[in-house]
Amino acid sequence: MSETYVVFDFETTGFTAHKDRIIEIGAVKIQDGRVVERFHRRVNPGIKIPPYISELTGLTDELLEDEPSLEEVMPEFLPFYHDAILVAHNADFDLRFLNAALDESGYLDYVGEVIDTVQLAQILWPRESSYSLQSLATHHNLAHDHPHQALSDAETTANLFLALLDRAQKLPFLLLQQITGLTEYTDWPLRHFFRRLAEGNTSILQFDEPEGCVTIDRLMHRPVQIAVAESPAGGALSDFDVSEVVSVLEKGGPMSDLMPGYEERPQQLDMLRQVAVAFEEQKHLIVEAGTGTGKSLAYLIPSVYYSIAKGERVVVATHTINLQEQLRERDIPLLQQVIPFDFNIEVFKGRGNYVCMRKVATHVNNPGLVTDPAETTFFVRMVAWLIETEGGDREELSLNGEQADHWNKVASGADSCIMKACPWFRNCYYHRARARAQNADVLITNHSLVLTDVKADHNVLPGYQFLVLDEAHHMEDEATKHLGTEVSYFQMYGALNRLLRDKNRGLLFQLLQKVDVLQSGDSSAYEDLRATLETSMEQIGDLRDANEDVFRQLHDFILKHANGTDAGRQTMRLKPDTFDDETLQTAWEGIASASENLQSEVRAMRKLVGRLEELSEDLMKDEMFAGTLTDISGQVKELDQGWQDLAYFLRSVGSESSVLWMEADDKSMRPVVFLYSAPIDVGPLLHTHLFSKKESVVLASATLTINQDFKYVIHQLGLYESNVQGRLMTLQVDSPFDYKKQALLCVPNDCLPVKGVAEDVFTTSFAESLTNLARVSQGRMLVLFTSHRMLRETYHKVKPMLAEHGITVLAHGVDSSSRHRLVQEFQRHPKAVLFGANSFWEGVDIPGEDLSLLVIARLPFWPPNQPVVEARTEKMEREGRNSFMEYSVPQAIIRFKQGFGRLIRTKRDRGAIVIYDRRITESRYGRHFIRSLPGPWTYQGTEREVLKTVYNWLKTPLGE
Ligand code: SF4
């Protein structure tokens, strides 16, 4: 390619092009594959530079005082990039500022070609975990000496672009052709780039499929290479000997042979032994193992030994994908080195995680189905990924919010699978994964799939009798979610749109086109088929009206009677006595009758699809036809399921065992409504459908006890009967960390109380305290909130105060909504404070000095008006129990323990935790929180005294 590229970057005073100003321009020119010229100017913005921008870029008001204005610099910059193709990382941002600058300097907007290296990297390196410049530079060994300095950023982006160009030039020609075909008549920004590649120097293009790839229906992919092993290798061990299993991790055992300097952990051995005993005696086990125990090996090793010795499959389920990936990447390879016999261990996820190649082919071979630029990027990304992936697992792609929505269009699904009629069937990612799961000795999956299996009467996972549930403190919430039902306006609206978006788009139209192409032979049969299809298309209109009617009525009902908001939505709980009010009763009857109308429209549609199937027998040998008809049938099943869930919801009103609530978006023009029903008490369901059906279930977590006692979890999870029957074992193993030496817990006894103080007053005082603490710890501080509102208020107060001391504040939901990105940024920054709510209370792993101070703004009680919480507490009160002490406090303690666990991650960590909620020392239940912790050093005093104590603690090295 002989084009000239100019890679550019702006540093600015903020993020809004019409309000903020450029303060630095960096650009490099690329010709013939190398950098030939550089451009660098600092610009006097004529406005004050915010302190955090100065801190980030090193550019201050004083430094820029004598620099030229933008009007003076633009006439120099313009000739530099004139006639070149512009390239930038997150190009939208820089382009907005460029056009604002051009406008201001009296020039026309830039309308030429722009290449965004983020978009290009997403396509050409589809499996990166992050597409930030820093992260791509690190991963691909590109120098990035001065991040947030315009010339350095432009230089790094130029090297990144050259690396991407090199990768693009190696793409198979067939793939380039496919991308060109898909994007030819669109305004997708990268279409010229790929067209030039396809038309370019053929000597460097690959005409053949890359090794290991095949092409079916013009879709190139790498067939699944991973072999499906034979059935469980049971018998390689003659017996299950607990002491033999334990010896794997004992000093002198295989693990210590593998790792020089290996230290045996008695806590880990205890846990391993008890898991083995639970399997052997076919009992359930609840085990609380503190941070650092090494619990995953303590359950994986006995799982492998037991499954091989007894020929019994063991299923291991985690709550988070992170832990699942950790098992796959870290623990399984280790097991393969220390266990002296062969075994099959596989990861199996829910079906929707695997790509359906038939669906990808349908879209890329029918470009009319792919409409907007974001969708085009997604499908280009898909075809580029398919020549690389061996697992077809969406986890390999870090999909952003919009792309994650597009994933539903290509996700494998039972209702849309044409099985053996599918040309990809033999190499289908989902079916291969399922076959491997079927033959696995140990199967790793997630809570969600285990509960889906429970709900589907154990028909989803391969049969098993032995189960390990890690992160078991989530089980109650997960069961509440999965054993209930949920239906939404979008579910129905989406299915209807997929069937027919407008008269020229959608599956029904696609099928009609196909019928016209295939038409031959008996024309009356074709006429029938055509007529039925046309009637089906008309039926969508009636269905849409019926759907709008029922959801519009529900929407109006909620907005009129809602009693609270949740995440910006209006929420209304339907209690058994809600309809004692006659007005509500009458409105509800109107909704019920609209729902019956929807039911008859869905039935009519089902009938039409049945008729289509009857008339299509001869055409089913055409894969494209068969696939489209199966997709239509799948969408109609989705509508049917949606209607049934809606009817179930309406019928359940008045139920004593379920909690029902509705949420409505009051900002949308559409009747966006979500209906939920959930069991109030999941314990009996889990007992009946899980614990009484399995020989042994091990529940493991770092946070299961309250006050060193398992009573709460036994009751909530339905293990009471197993306990009475002597089928339940419990074990609590301490963390190997020395918390007395490693962690200091402080409570300022003069901080403002929770009750009787306006939030604004509290956050003002809290912000001052945080500023003092952050100065003492020099950043390195994580602050956990229970509400986003309080987080934002505090953030805006703290940020300017800390900026004066060179300390950056990063907040979830303000600076980024990605936890992963914020944590990375926090660790990268030498002096930073991180604010997080909800998801930050667990799963954040920042070992070492990067995190030395943890602050808890409030004890983490769930809001009492949350429908499930409210229904559970009401039920307990009816039963004469103390819902606060038996439910609210234990729930909060488990979350509090998770939050506490963020501080000390390794034996070498030392840090302090400060709690700004006096209830922990002043209330009658507060002591349970402290007693539930693993024994940190505790201190109470005034804020001033706490500050001094924290300072002394942090400056004293561990061991002194
Ligand atoms: S076999 Fe089913 S899931 Fe797999 S690619 Fe074909 S249609 Fe999709």
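How each quantity is defined
- Residues numbered from 1 in each chain as written.
- Predicted model: local features only at pLDDT ≥ 70, side-chain atom pairs only at ≥ 80, totals over all residues.
- Heavy atoms only, no water.
- Buried < 20%, exposed > 50% of the residue type's maximum accessible area, 1.4 Å probe, protein only.
- Helix = DSSP H or I, 4+ residues; strand = E, 2+ residues; numbered from the N terminus.
- Contact = heavy atoms within 4.5 Å.
- Phe/Tyr/Trp six-rings, centres within 6.5 Å; stacked < 30°, edge-to-face > 60°.
- Lys NZ or Arg CZ within 6 Å of the ring centre and 35° of its normal.
- Pairing = 2+ DSSP bridges.
- Near = heavy atom within 4 Å.
- Nonpolar A, V, L, I, M, F, W, Y, C, P; charged D, E, K, R; others polar.
- UniProt positions renumbered as here; feature names shortened; annotations may be inferred.
- Polar contact = N/O pair within 3.5 Å; in protein donor to acceptor, adjacent residues only side chain to side chain.
- Axes fitted to C-alpha atoms, helices over the stretch in contact; angles between N-to-C directions.
- Salt bridge = Lys/Arg side-chain N within 4 Å of Asp/Glu carboxyl O.

**Thoughts on helix α15 (residues 357–364)**
With eight of eight residues buried, α15 lies mostly within the body of the structure. Buried within α15 we find Met357, Arg358, Lys359, Val360, Ala361, Thr362, His363 and Val364. Those residues of α15 that are buried lie in contact with α8 (173–183), β7 (219–221), α16 (373–386), α18 (429–438), α22 (507–518) and α25 (623–651).

**A look at the packing of aromatic side chains**
On inspection of all chains with the given rule, the structure shows 44 aromatic pairs. Taken together, Phe8, Phe10, Phe39, Phe77, Phe80, Tyr81 and Tyr110 form an aromatic cluster joined through their ring pairs. Lying across the ring of Phe39, Arg41 places its NZ or CZ 4.5 Å from the centre.

**Regarding the pairing of strand β12 (residues 466–469)**
Every second residue of β12 is oriented toward a common face, with Phe466 and Val468 on one face and Leu467 and Leu469 on the other, all of them buried. Bridge analysis of strand β9 (residues 314–318) against β12 gives four bridges, and the strand direction is parallel. From the neighbouring strand, Val316 faces β12, where its bridge partner is Val468. Inspection of the sheet shows β12 paired to strand β18 (residues 696–701) by four bridges, in the parallel sense. Within β18, the residue paired with Val468 across the bridge is Val698.

**Quick notes on the site of the ligand**
Taken together, Arg351, Cys356, Met357, Arg358, Ser412, Cys417, Ile418, Cys422, Phe425, Cys428 and His431 make up the full set of residues near the ligand. Considering only residue class, the shell around the ligand consists of seven nonpolar, two polar and two charged.

**A few points about the UniProt feature "domain: Helicase ATP-binding" (unreviewed entry) in the protein**
Within this numbering scheme, the UniProt entry marks residues 254–518 and 276–509 as carrying the feature "domain: Helicase ATP-binding" (unreviewed entry). The straight-line gap between the two end C-alpha atoms of residues 254–518 is 65 Å; of that span, 51% is helix and 10% is strand. Across residues 276–509, the secondary structure splits into 47% helix and 12% strand, with the terminal C-alpha atoms separated by 58 Å.

**Here we look at the environment of His284**
Assignment of secondary structure puts His284 in strand β8 (residues 284–289). For His284, a relative accessible area of 0% translates into the label buried. Remark: the alpha-carbon pair of His284 and Arg727, spanning 443 residues in sequence, is separated by 6.0 Å. In this structure, His284 is in contact with Phe691, Lys694, Glu695, Ser696, Val697, Leu719, Ser722, Arg727, Leu728 and Met729, ignoring residues within four places of it in sequence. For His284, the side chain forms a polar contact with the main-chain oxygen of Phe691, separated by 3.0 Å.

**Remarks on the sheet that holds strand β5 (residues 114–116)**
With mixed pairing, the five strands of this open sheet are ordered in space as β3-β2-β1-β4-β5. Across the chains shown, the open sheet's two edge strands, defined by having one partner strand only, are β3 (34–42) and β5. Taking each pair of neighbouring strands and ignoring which way they run, the sheet shows an average axis angle of 25°. Here strand β1 (residues 4–12) runs beside strand β4 (residues 85–88); their pairing, made up of three bridges, is parallel. Bridge pairing links Tyr5 to Ile85 in β4. Helix α3 (residues 70–81) rests against β1, β2 (22–31), β3 and β4 of the sheet, and its axis sits at about 175° to β3.

**Section: the pattern of salt bridges**
Under the definition given, this model contains 54 salt bridges. Salt-bridge contacts for Arg42 lead to Glu24; the nearest nitrogen and oxygen are separated by 3.8 Å. Of this pair, Arg42 sits in strand β3 while Glu24 sits in strand β2; the two residues are 18 residues apart in sequence, bridging distant segments of the chain. We classify Arg42 as partly exposed; its relative accessible area is 30%. For Glu24, a relative accessible area of 2% translates into the label buried. With a shortest N-O distance of 3.4 Å, Lys283 and Glu281 are connected by a salt bridge. The class of Glu281 is partly exposed, set by a relative accessible area of 44%.

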